[in-house]
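This is what each chain is made of:
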Amino acid sequence: MTYRTVLWGTGNVGRHATAGIDARPDLELVGVWVSNPDKVGRDAGDLAGLGRRLGVAATDDADRLLALEPDCVVHAAMADHRIPEALADIEKILASGANVVSSGPVFLQFPAGVVPDAVTDPLRRAALDAGVSLWVNGIDPGFANDWLPLVVTGISERIEEVRCLEILNYATYDQAMVMFDIMGFGRPLDDIPMLLQPGVLTMAWGSVVQQIAAGLDVKLDTVDEHYERLPAPRDIDIASGVVPKETAAALRFEVRGMRDGRPVVVLEHVTRLADDLAPDWPQPPGQGGYRVVVRGEPNYTVDLQLVGTDGDHNTAGLKATAMRLVNAIPAVVEAPPGLLTALDLPLVTGKGLVV
């Protein structure tokens, strides 16, 4: 079966999703939505940097795309700074009768216990009424802290704590709004950015903690959060701009699921803008990536190293997010309607081998 697919957004994730859709023989790209007027009319292959045309021109006419009756929409539009608008877009797509795989808003990967039902009920109703499904995922929140840790616990006799870490240098991540406005890099340390406002970390990554706990059939008492930041010892040039000396250049945070007064499920991020910053914080696997630590009997540590074919770990992370969505399209389309989580889907794999 071939699944007719529309791509919604051609930014950092969307352009990799374009390549991924094109690489799968069971997917057909039938439309591309863009928000930037300068991209309207351009070929999808051009926007993705593939070096060849795919014969699909980008449009900003959402109704026209939905009238194509695609089986699935890959929603890769930026959602972090426009959550209400992103939710409205997804609801509209679901109501049209298209399944959706999306990179955000990230709390939708496992919203139970993270956001009020009032936030998710319109999406759930739209999906059920139209007989379609919504699945939100990626690499983090996503594979690095859902299937990966849960699979590791399958070889445990006793589990005392599951800890999932992202350890990355973000210097090559080219998204100024995320880096400066949302994460607060390049700002004075007493200037608290959006990400570190009370409750935001838990809203974003509490879904990770809740999903792992649900997968292990563990009821959490509370979920709390903690962070620390360190200043730049010098001016640091990054892909998104310049981080001045003495402004925020390293961030470490934890979202901790607590039971009986101790952390049992922990999501931890260690983010640097230069490799020599915060030497006492956890060091990355290889050039950078993800780590799962299961403490109990036995103790396990699994490192997932990321490197793109261009040599950059952040490229690999964006590709991983895109392909987590693209490779799940057949399973999501065939799943029962509603809001899905990783716990609802079978093992999602790539398609075929290059021989």
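Nothing here was measured: the structure is a model prediction, and the numbers come from that model. (Residues numbered from 1 in each chain as written. Predicted model: local features only at pLDDT ≥ 70, side-chain atom pairs only at ≥ 80, totals over all residues. Heavy atoms only, no water.)

Asker: What is the right way to look at the sheet that holds strand S3 (residues 58–59) in this model?
Answerer: Across the sheet, seven strands lie side by side as S3-S2-S1-S4-S5-S6-S15; this open sheet has parallel pairing. Two strands bound the open sheet, and with one partner strand each, they are S3 and strand S15 (338–340). Here strand S5 (residues 99–102) runs beside strand S6 (residues 133–136); their pairing, made up of three bridges, is parallel. When the bridges of S6 are listed, Val100 appears paired with Leu134. Where helix H4 (residues 83–95) meets the sheet, it contacts strand S1 (3–8), strand S4 (72–75), S5 and S6, and its direction lies at approximately 170° from that of S4. Against the sheet, helix H5 (residues 117–130) contacts S6 and S15, and its axis sits at roughly 115° relative to S15. (Pairing = 2+ DSSP bridges. Helix = DSSP H or I, 4+ residues; strand = E, 2+ residues; numbered from the N terminus. Contact = heavy atoms within 4.5 Å. Axes fitted to C-alpha atoms, helices over the stretch in contact; angles between N-to-C directions.)

Asker: Would you mind going over unusual backbone geometry with me for this structure?
Answerer: With an omega dihedral of 0°, the bond running from Gly104 to Pro105 counts as a cis peptide bond. Mapped onto the elements of the fold, Pro105 is located in the loop between S5 and H5. Following Glu297, the chain continues into Pro298 via a peptide bond in cis, with omega recorded as -5°. Inspection of the secondary structure puts Pro298 in the loop between strand S13 (289–297) and strand S14 (300–305). At Glu246, a position not held by glycine, the phi torsion is positive, near 75°.

Asker: Help me understand the side chain of Arg229, please; the structure alone is not making it clear to me.
Answerer: One can find Arg229 in strand S8 (residues 222–231). Despite its burial, Arg229 pairs with no opposite charge; the closest candidate is Asp191, at 6.4 Å N-O. Of note is the side chain of Arg229, whose polar atom sits 3.0 Å from the backbone oxygen of Asp191. (Buried < 20%, exposed > 50% of the residue type's maximum accessible area, 1.4 Å probe, protein only. Lys, Arg positive; Asp, Glu negative; His and termini not counted. Salt bridge = Lys/Arg side-chain N within 4 Å of Asp/Glu carboxyl O. Polar contact = N/O pair within 3.5 Å; in protein donor to acceptor, adjacent residues only side chain to side chain.)

Asker: Would you take a moment to explain the packing of aromatic side chains for this structure?
Answerer: The relation between two aromatic rings is expressed through the spacing of the ring centres and the mutual angle of the planes. Tallied over the entire structure, the rule returns three aromatic pairs. The interplanar angle of 65° and the centroid separation of 5.8 Å between the aromatic rings of Tyr170 and Tyr173 together place this pair among those described as edge-to-face. Take Tyr170 and Tyr173: they sit in the same class, and that class is buried. (Phe/Tyr/Trp six-rings, centres within 6.5 Å; stacked < 30°, edge-to-face > 60°.)

Asker: Teacher, can you tell me more about helix H8 (residues 200–215) here?
Answerer: One turn of an α-helix holds 3.6 residues; hence residues three or four places apart share an orientation. Given a rise of 1.5 Å per residue, 16 residues ought to cover 22 Å, and the 23 Å separating the end C-alpha atoms of H8 matches this to within 8%. At Gly206, H8 is deflected by roughly 45°, the largest bend along its length. Burial in H8 covers these residues: Leu201, Ala204, Trp205, Gly206, Ser207, Val208, Val209, Gln210, Gln211, Ile212 and Ala213. Contacts made by the buried residues of H8 are with helix H6 (147–153), strand S7 (158–169), S8, strand S11 (248–259) and strand S12 (262–272). Immediately beyond the C-terminal end of H8, within one or two residues, lies Asp217, with a positive phi of roughly 60°. (Expected span 1.5 Å × (residues − 1). Bend = angle between axes of the 7 residues up to and from the residue.)

None of this, on its own, says anything about what the molecule does.
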